[in-house]
Amino acid sequence: MRYIFTLALLLATACTHAADCPSTPGNERFFSNSWGISSDNSRYQSSANTSITADNVDELELAWVFGFEDSESPHSYPLITEDTVYIGSDAGILYALERETGCLRWRFQADGDIRTAIVHGRVEHNAVTHTLLFFGTFEGSVYALNALNGDQVWQKEMDPHRFAMVTGTPIFHQGRLFVPVSSYELMVAAVPFYECCDFRGSVASLDAVSGDEIWRFYTIEDKASVRGNYWFFFDKLGPSGAPVWQSPAVDPKRNRLYFGTGENYTDPATDTSDAVFALDLDSGELIWKRQFTEQDAYNAACEIGGPSCPESNGPDLDFGAPPILTQDSANNDILLAGQKSGVVHAMNPNNGKILWQMRAGQGGKLGGIHWGMAVNPELNTLFVPISDRSILPEGQLQPAPGLYALSIDDGTQQWSATPKPNCDNRKGCYGGFSAAITAANDLVFAGRLDGSIMAYRAADGEQLWYHDSWRSYESVSGIGAEGGPIDVHGPMVAADMMFISAGYSSFGQKGGNAFLAFRLRQTNQ
């Protein structure tokens, strides 16, 4: 780890046009603090945080567009304050933009693709309170920056494995950072001469001031060992995998951390893949775990018949969507987890006992619930996006890409929205709701793989607003901006604005580099 505590308090203004953006970020108020907007991963913005409602959403219009440089798969999720937008790119650049205009205040170059939401935390150092920004990268690092000027405070490599990465957003809580660790070794496994695999997922607790590790929990207890060979010269290793792709949820009442895992990369499969965990926040000790898909060992070699493909060959049913801690109509706490199988699992957070299960989609490697759900606690409703782009070969259900509203009490369906994809004459276009969604007041905002961005009435699913992002934009950054598929982190709603990244080129989709900012028309200056 490189440890630098500078925390300079003066800002050297760095704007596209200096006269347009002269002031230091104020950061008086933040409209979110995690990938899930709040530390329970609700992805819900109440009237305290946004003025956009079903009555005025039709007045939402494009305010400005920022074009990311050297980018075609923006993966980050913005952090919004009263005057500033912090957003990362797959070129590894963190931008601080003026909220009203998109003017560049400052930028910071990280060691690789910024793959997480931008998170803030206020920490004490030498009796002075500082606001830091935290995020993770494809190279497996976590950074802490000064929110005022982008100066690096510390950087920590989260795992010595050469293919480790931080793609799940860290959670800040009471001076500590809880960091999920995953890897792309499952993709490298497709290389015939690579001896696969020895990575194991983990979650680590860091001191937010220094970046020093407090504890680490590995999702596989034992390190990988030789389990056989192929072509006489190359070892097969295992157990491996069970990465943590997602942002954990914090439960202050029980002093717990909840998260889900992905598949094993190789045999033998463990009982910790495709599972949900509860850890003690202070010690990292396991409280309970529950596995939902057994014998799920898979890596990219299985797609080409490579020698590293495990015997079970999938079905690759990760928990990629973060768990949500919320309450039912009787004010009982309930933990909700959506899986790529297309199934929503409702659990008792005390012990992991299943309360109900509901299949919303058919599920598959790129199917089911991909990136994230949202809740509206006032309506007692869970909103579930279904991708179903690639589905289970043995599945008996028809693909069901769409948006579904379920009762938090028992999982019964309240409504569904399954609009026809807008993919005519569009290469790299697919239907389905893969990106995470956001609930705001009496609305649900969702993006689709065909570039559509929609707002639905939360009570009945009526579509109230639409924008097609599959096009070119003029940008305030002076870089040509291309929209496209809406994937990964989805929309952020704050005050009178909505922000979303358009274009994501993974899995054969059309790339793009547009960061879109919409604002209610009546508040324009």
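Structure shown above.
Residues numbered from 1 in each chain as written. Predicted model: local features only at pLDDT ≥ 70, side-chain atom pairs only at ≥ 80, totals over all residues. Heavy atoms only, no water.

Here's the deal with the state of the cysteines
The condition is simple: Any cysteine sulfur atom paired with another within 2.5 Å is treated as part of a disulfide.
In the structure shown here, the tally under the stated rule is three disulfides. Across a sulfur-sulfur distance of 1.7 Å, Cys 196 and Cys 197 are joined as a disulfide pair. One quick way to see it: the torsion about the S-S bond of Cys 196 and Cys 197 is about -80°, and its sign makes the bridge left-handed. The disulfide that involves Cys 423 links it to Cys 429, with 2.0 Å between the sulfurs. Looking down the S-S bond of the Cys 423 and Cys 429 bridge, the torsion is -75°, so its handedness is left-handed.

Section: the pattern of salt bridges
This is how the line gets drawn: Any Lys or Arg side-chain nitrogen found within 4 Å of a carboxyl oxygen on Asp or Glu counts as a salt bridge. Runs of E in the DSSP output that reach at least two residues are strands. Runs of H or I that reach at least four are helices, and both are numbered from the N terminus. Between buried and exposed lies partly exposed: a residue is buried under 20% and exposed over 50% of the maximum accessible area for its type, with that area taken using a 1.4 Å probe on protein chains only.
The final tally for this structure, using the stated rule, is 18 salt bridges. We note a salt bridge from Arg 176 to Asp 282, for which the minimum N-O separation is 3.2 Å. A residue pair is termed long-range when its members are at least 10 positions apart, and Arg 176 in strand 14 (residues 176-183) and Asp 282 in the loop between strand 21 (275-280) and strand 22 (286-291) qualify at 106 residues. Arg 176 gets classed as buried once you look at its relative accessible area, which sits at 12%. The class of Asp 282 is partly exposed, set by a relative accessible area of 47%. Between Asp 450 and Arg 448 there is a salt bridge whose closest N-O contact spans 2.6 Å. Judged by relative accessible area, which is 3%, Arg 448 ranks as buried. Linked by salt bridges that have partners in common, Asp 251, Lys 253, Arg 254 and Asp 333 make up one network.

With respect to the side chain of Ser 247
Here is the rule: The term polar contact refers here to a pair of N or O atoms within 3.5 Å; inside protein, the definition further demands a hydrogen-donor-capable atom paired with an acceptor-capable atom, and it admits residues adjacent in sequence only when both atoms are side-chain atoms. In this analysis, two residues are considered to be in contact whenever any of their non-hydrogen atoms come within 4.5 Å of each other.
If you trace the backbone, Ser 247 turns up in the loop between strand 18 (234-238) and strand 19 (249-251). On the basis of relative accessible area, Ser 247 is assigned to the buried category, the value being 1%. A distance of 2.9 Å separates a polar side-chain atom of Ser 247 from the backbone oxygen of Thr 169. Contact partners of Ser 247, with chain neighbours within four places excluded, come to Trp 35, Asn 41, Gly 168, Thr 169, Pro 170, Ile 171, Pro 322 and Pro 323.

Here we look at the nonpolar core
General note: in soluble globular proteins, nonpolar side chains tend to be found buried as a group. This is how the line gets drawn: Only buried residues count toward a nonpolar core, which is a set of Ala, Val, Leu, Ile, Met, Phe, Trp, Tyr and Cys residues joined through side-chain atoms within 4.5 Å.
Judged by nonpolar contacts, the single largest core of 30 residues is most densely connected at Phe 134, Val 142, Trp 154, Met 158, Phe 172, Leu 177 and Val 179. Put simply, the parts of the chain that give this core at least two residues each are strand 8 (119-125), strand 9 (128-136), strand 10 (141-146), strand 11 (152-157), strand 12 (164-165), strand 14, helix 1 (185-188) and strand 15 (202-207). Take this core: its biggest share by element is three residues, from strand 14. What Phe 134 contacts, discounting residues up to four positions off in sequence, is Ala 117, Ile 118, Val 119, His 120, Gly 121, Tyr 143, Ala 144, Trp 154, Phe 172, Leu 177 and Ala 208.

Some remarks on the layout of surface pockets
The gaps of empty space that remain are located by a probe, the size of a water molecule, rolled over the atoms. Rule in force here: Points on a 1 Å grid over protein atoms alone make up a cavity when a 1.4 Å probe fits among them but cannot get out, and a pocket when they form an open set with protein on both sides within 12 Å along at least five of seven lines; lining residues each have an atom within 4 Å of a point. Grid points are joined across faces, edges and corners, and a volume is the space filled by probe spheres set on the points. Residue type decides the class: Asp, Glu, Lys and Arg count as charged, Ala, Val, Leu, Ile, Met, Phe, Trp, Tyr, Cys and Pro as nonpolar, and the leftover types, Gly among them, as polar.
Reported here for the largest pocket is a volume of approximately 800 Å³. Every residue lining the largest pocket is counted, 30 residues in all, and those nearest its centre are Leu 186, Met 187, Trp 245, Leu 366 and Phe 507. Considered class by class, the residues forming the lining of the largest pocket number twelve nonpolar, eight polar and ten charged.

Quick notes on unusual backbone geometry
With an omega of -5°, the peptide bond between Cys 196 and Cys 197 qualifies as cis. Turning to its location among the elements, Cys 197 is positioned in the loop between helix 1 and strand 15. Note that the residue after Asp 267, namely Pro 268, is joined by a cis bond; omega there is -5°. Following the sequence through the fold, Pro 268 ends up in the loop between strand 20 (256-260) and strand 21.

Looking at the sheet that holds strand 19
Strand pairing in a sheet relies on backbone hydrogen bonds. The paired strands run either parallel or antiparallel. What counts here: Paired strands are those between which DSSP finds at least two bridges. Every axis corresponds to a line fitted to the C-alpha atoms, with the helix fit spanning only the stretch in contact, and the corresponding angles, defined between N-to-C directions, vary from 0 to 180 degrees.
Judged by pairing direction, the sheet is antiparallel, and its four strands sit side by side in the order 19-20-21-22 without closing on themselves. This sheet does not close on itself; its edge strands, each paired only once, are strand 19 and strand 22. Across the sheet, the mean angle from the axis of one strand to that of its neighbour is 15°, orientation sign disregarded. Here three bridges tie strand 19 to strand 20, and the two strands are oriented antiparallel to one another. Paired with Val 250 across the bridge in strand 20 is Leu 257.

A word on a nonpolar patch on the surface
Our working rule: Two joining distances apply to patches: 9 Å for like charges and 5 Å for nonpolar side chains (Val, Leu, Ile, Met, Phe, Trp, Tyr), and every residue must have over 30% relative accessible area and no salt bridge. Working definition of accessibility: Shrake-Rupley area with a 1.4 Å probe, residue cover restricted to the visible protein chains.
A surface patch of nonpolar side chains, about 340 Å² in accessible area, is lined by Val 191, Phe 193 and Trp 231. Locating Phe 193 in the fold gives a position in the loop between helix 1 and strand 15. By relative accessible area, Phe 193 is classed as exposed at 57%.

Things to note about the environment of Met 454
Within the element layout of this structure, Met 454 appears in strand 33 (residues 452-457). We classify Met 454 as buried; its relative accessible area is 1%. Contacts of Met 454, omitting those with residues within four sequence positions, involve Pro 419, Phe 433, Val 444, Phe 445, Ala 446, Arg 448, Gln 463, Trp 465 and Tyr 466.

Let's talk about the pairing of strand 21
The buried count for strand 21 comes to six of six residues, which makes it a mostly enclosed element. Across the two faces of strand 21 the burial is the same, with Ala 275, Phe 277 and Leu 279 and Val 276, Ala 278 and Asp 280 all buried. Note: strand 20 against strand 21, five bridges, orientation antiparallel. Counted as the bridge partner of Phe 259 is Phe 277 from strand 21. With five bridges joining them, strand 21 and strand 22 adopt antiparallel strand pairing. Bridge pairing in strand 22 links Ala 275 to Gln 291. Between strand 21 and strand 22, which pair antiparallel one after the other, the connecting turn spans five residues, and Gly 284 there sits at a positive phi close to 80°.

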